[in-house]
Amino acid sequence: MIIQIYTSKSAKEVIHYFIGSQTLEEYYSKDNQEFAGNWGGKGAAMLGLKGVVRDEHFGALCKNLHPFTGEKLTPRMRDDRRPGFDMTFNVPKSVSLAYAWTKDERIIWALRQTVHDVRELMEEDAATRDRANGHRDGDRKTGVLVTAEYIHLTARPQGGIPDPHLHCHLYIPNVTWDAEEGRWKALQMGRIHKKADYYNWVATHYLAANLQSLGLKIIPTKDAFEIAGISEEFNKKFSRRTQTIEEEAIKRGITDPAQKAKLAVLTRERKSKGLHISEIEPYWWAHLLPDEQKALEGLAAALKRSRASELSLQMVAEPVEGRAHTAGEASASSVSLGKKDAAWAERNKGATAGRRVSMNKATAPSSLSTRYAFEVTDHDRKAFALGIEHVYERRSVVTEEQLVTEALKTFCVGKASVAGVRNVVAQTPLIRRERNGEMYVTTAEVLEEENRIVNQCIFGKGRFEAMNPFWQIRDEELNAEQRNAALHVLNSRDFITGIAGNPGVGKTRILQEIKRGVEGGYQKLLALAPWGKTAHDVLRKEGFENAETVAKLLVSEKMQAEARGAVWLVDEAGLLSAREADRLI
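Chemist: Is there a simple way to think about the pairing of strand S15 (residues 525-529) in this case?
Modeler: Sheet faces and side chains relate simply in a regular strand, where the side chains alternate between the two faces. For S15, the tally of buried residues reaches 5 of 5 residues, placing the bulk of the element in the interior. Of the two faces of S15, both are covered, the one formed by Leu525, Ala527 and Ala529 as well as the one formed by Leu526 and Leu528. Pairing analysis gives 4 bridges linking S15 to strand S17 (residues 567-570), with the strands arranged parallel. Bridge pairing links Leu526 to Trp568 in S17. Bridge count for S15 against strand S16 (residues 548-549) is 2 bridges, and the pairing is parallel. Bridge pairing links Leu528 to Glu548 in S16. With respect to chirality, the unit in which S15 leads through helix H23 (residues 532-539) into the neighbouring parallel S16 is right-handed.

Chemist: Explain a nonpolar patch on the surface here, please?
Modeler: There is a patch of nonpolar side chains on the surface, built from Phe464, Phe495, Ile496 and Ile585 and spanning about 300 Å² of accessible area. With respect to the secondary-structure elements, Phe464 resides in the loop between helix H20 (444-459) and helix H21 (480-490). In this structure Phe464 comes out as partly exposed when scored by relative accessible area, which is 38%.

Chemist: What is the right way to look at the layout of surface pockets in this model?
Modeler: Gaps left between atoms are located by rolling a probe of water-molecule size over the structure's atoms. Space inside the second largest pocket adds up to approximately 1500 Å³. Residue lining of the second largest pocket: 45 residues in total, with Thr497, Gly498, Trp568, Leu569 and Val570 positioned closest to the centre. Ranked by residues supplied to the lining of the second largest pocket, first place goes to helix H22 (residues 507-520) with 5 residues. Of the residues belonging to the lining of the second largest pocket, the class tally is 28 nonpolar, 9 polar and 8 charged.

Chemist: When you look at the sheet that holds strand S6 (residues 147-154) in this model, what are you seeing that I'm missing?
Modeler: The pairing of strands in a sheet happens through backbone hydrogen bonds and is either parallel or antiparallel. Spatially, 5 strands are ordered S1-S3-S7-S6-S2 in an open sheet, and the strand pairing comes out antiparallel. Two strands bound the open sheet, and with one partner strand each, they are strand S1 (2-7) and strand S2 (38-40). Direction aside, the axes of adjacent strands within the sheet are offset by 25° on average. Looking at chain direction, S2 and S6 are connected through 3 bridges and run antiparallel. Within S6, the residue paired with Trp39 across the bridge is Ala148. Across the sheet, helix H6 (residues 105-123) touches S2, strand S3 (84-90), S6 and strand S7 (164-173), and the angle it forms with S7 is around 30°.

Chemist: How should the packing of aromatic side chains be read in this particular structure?
Modeler: Aromatic ring pairs are defined here through the distance separating the ring centres and the angle between the ring planes. Following the criterion strictly, the structure yields 13 aromatic pairs and no others. Ring centres 5.5 Å apart and planes at 55° place the aromatic pair Phe18 and Tyr171 in the tilted group. With a gap of 153 residues between them, Phe18 in helix H1 (residues 11-18) and Tyr171 in strand S7 connect regions that are remote in the sequence. With respect to class, Phe18 is no different from Tyr171; both count as buried. Seen from their ring centres, Trp177 and Trp184 are 5.3 Å apart, and the 70° between their planes marks the pair as edge-to-face.

Chemist: Looking at this structure, I do not really get the environment of Gln482. What am I missing?
Modeler: In this fold, Gln482 is placed in helix H21. Relative accessible area serves as the criterion here: at 11%, Gln482 is assigned to the buried category. For the pair Gln482 and Gly506, spaced 24 residues apart in sequence, the C-alpha separation works out to 7.5 Å. Ignoring sequence-local partners within four residues, the contact set of Gln482 consists of Glu477, Val505, Gly506 and Ile510.

Chemist: Would you explain the confidence of the model for the protein chain in this entry?
Modeler: Per-residue confidence for the protein chain averages 84 on the pLDDT scale, and 82% of its residues sit at or above 70. For residues 21-29, every residue scores under 50 in pLDDT, and the model assigns this stretch 16 contacts once sequence neighbours within four places are set aside. Under a pLDDT of 50 for its full length, residues 319-355 has, in the predicted model, 59 contacts with residues more than four places off or in other chains.

Chemist: I keep staring at the pairing of S7 and nothing clicks. Help me out?
Modeler: For S7, the buried fraction is high: 10 of the 10 residues fall into the buried class. A two-sided burial pattern is seen for S7, the buried positions comprising Pro164, Leu166, Cys168, Leu170 and Ile172 on one face and His165, His167, His169, Tyr171 and Pro173 on the other. Where S3 meets S7, 7 bridges bridge the pair, whose relative direction is antiparallel. Among the inter-strand pairings, Phe85 is bridged to a residue of S7, identified as Ile172. Strand direction decides the pairing type here: S6 and S7, joined by 6 bridges, are antiparallel. Of the residues in S7, the one forming a bridge with His152 is His167.

Chemist: Is there a simple way to explain the sheet that holds strand S12 (residues 398-399) in this structure?
Modeler: With antiparallel pairing, the 3 strands of this open sheet are ordered in space as S12-S14-S13. If you trace the sheet from one side to the other, it starts and ends with S12 and strand S13 (431-435), each paired once. Where S12 and strand S14 (residues 438-442) come together, 2 bridges link them in antiparallel fashion. Residue Thr399 lies in a different strand from S14, and its bridge partner there is Tyr440.

Chemist: Explain helix H8 (residues 196-212) here, please?
Modeler: A turn of α-helix holds 3.6 residues, and therefore any two residues three or four places apart point the same way. In this model, H8 (17 residues) spans 24 Å end to end at C-alpha, consistent with the 24 Å of a helix rising 1.5 Å per residue. Taking burial as the measure, the 17 residues of H8 include 14 buried ones, the bulk of the element.

Chemist: Would you take a moment to explain H23 for this structure?
Modeler: Among all positions of H23, only Thr534, Ala535 and Leu539 are buried. Down the axis of H23, the buried side of the element spans an arc of 95°, and every buried residue falls inside it. On its buried face, H23 is in contact with S15 and S16.

The rules behind each value
Residues numbered from 1 in each chain as written. Predicted model: local features only at pLDDT ≥ 70, side-chain atom pairs only at ≥ 80, totals over all residues. Heavy atoms only, no water. Buried < 20%, exposed > 50% of the residue type's maximum accessible area, 1.4 Å probe, protein only. Helix = DSSP H or I, 4+ residues; strand = E, 2+ residues; numbered from the N terminus. Pairing = 2+ DSSP bridges. Right-handed = clockwise from strand over helix to strand, strands pointing away. Patch = residues over 30% accessible without salt bridge, like charges linked within 9 Å, V, L, I, M, F, W, Y side chains within 5 Å. Areas by Shrake-Rupley, 256 points an atom, 1.4 Å probe, with all protein chains shown as cover. Salt bridge = Lys/Arg side-chain N within 4 Å of Asp/Glu carboxyl O. 1 Å grid on protein atoms, 1.4 Å probe; cavity = no way out; pocket = protein on both sides within 12 Å on 5 of 7 lines; lining within 4 Å. Points joined across faces, edges and corners; volume = space filled by probe spheres on them. Nonpolar A, V, L, I, M, F, W, Y, C, P; charged D, E, K, R; others polar. Axes fitted to C-alpha atoms, helices over the stretch in contact; angles between N-to-C directions. Contact = heavy atoms within 4.5 Å. Phe/Tyr/Trp six-rings, centres within 6.5 Å; stacked < 30°, edge-to-face > 60°. pLDDT = per-residue confidence, 0-100. Expected span 1.5 Å × (residues − 1). Arc of directions from axis to C-beta.

See the structure below:
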């Protein structure tokens, strides 16, 4: 699962993209590339919005107007006002292929349930600007979002034909309810942006659990997972859009993900919304290899078996009113598309035999509070242990969400669960401090490491002879501040001496002057850095021929012997973890 967040520039572009012309027949059909939107969030309910998104209501919100009265919602109506945020949930390619081949609406349910559950988590982080006496005083949590959910089945066309690409646009208008002030105000997305990685991995695990409940097996990958049986080559065959962007990025020498996203906008073709799935399918399936078709038929068979199992369970006993559903039961209760018989009408009171059910009804998600309540397993404990080991490599203090994210990243998707990992975090005796509404955590071991570093700095003050107190600056182009920094180091009698400076202040030239001064005092200097790129590609080119990584020094006995009695210069020392710095000192 990949979640991307885009800030909309104008109401006009949002309305043009999302407002369609679905007829009632299209609303009930499986043959469209897109489905009607659906309202969500506490804010939607407060505005009287529920069910299917109507064009006029969506357009009004994008223009900062009340969807029913037309009155202005938030105080400011500037021309450059942001209308909202487009959050896109993109499933792994094999999931898109599974739906395109089988048309099993439960796969849509799996995505919608995931989006629904992640949205409920995100809503807790919705905020607005808090101003005191007309001045900004930070953000205040509101816990209120308005969302419009749109399910799309295809990617942007390549050569006029789109590939299968199941994804959900969760559009979030720039409005939230501030209960303290009793009015609608602009939404602050800072907390949600900050936790994007957390939401992404939670969504990945939720989607995996939902698909497994349908009888599909998954294979973990570096970034998420794929459905078992679908090869990487098969996925690439239906990822022409991604390949085009990557090829163009190589041509232009672009590697930054943010720049690639901009490149995607420059190279995309216009969508052909009038083109139906049945018209595209001949292009999709015409050149399938025998093994590829066999893989898709295997997925279809697995889904048929799980549906048969669900139906047999329903025949034995109906779900008890008010009882929490498991993931499997939630999928079993989602209604199939198409004509309904008398038995279905009997089970769904108020419905009539022969009535058709919309995609929204057939794939409607259930409440998050009744799902994912898994017991803690050994997989959860292992994931937590790996997360602890990794997350404190570079940081001494993290939020609980950052720790959970690292645990979800470092263990196989489909084994550890979000709820299980969170329960392990809650049960572990960590050192906790709340700050600005966030819970920060660390361990006693990390705290001990930091205390040892601090003590070494304190007790090492004034214990040594200066490195070269008689040095005269050789680089005449150094300014006064740079000269003082170099002389400060060369005259220091402390065990550890640090200098800090912003980018562009001439740090490299200061280090070169320090090197000349140390060697001028007939001492040996060893240059170190946390990263290989800094040590090998930067420092060595700047005259530090023996530069190496801190990691190598920590494991190489030969290097340690050569380093004894030398002055150690650690570039970018702030990037060292407390654990590395503790071992180094």
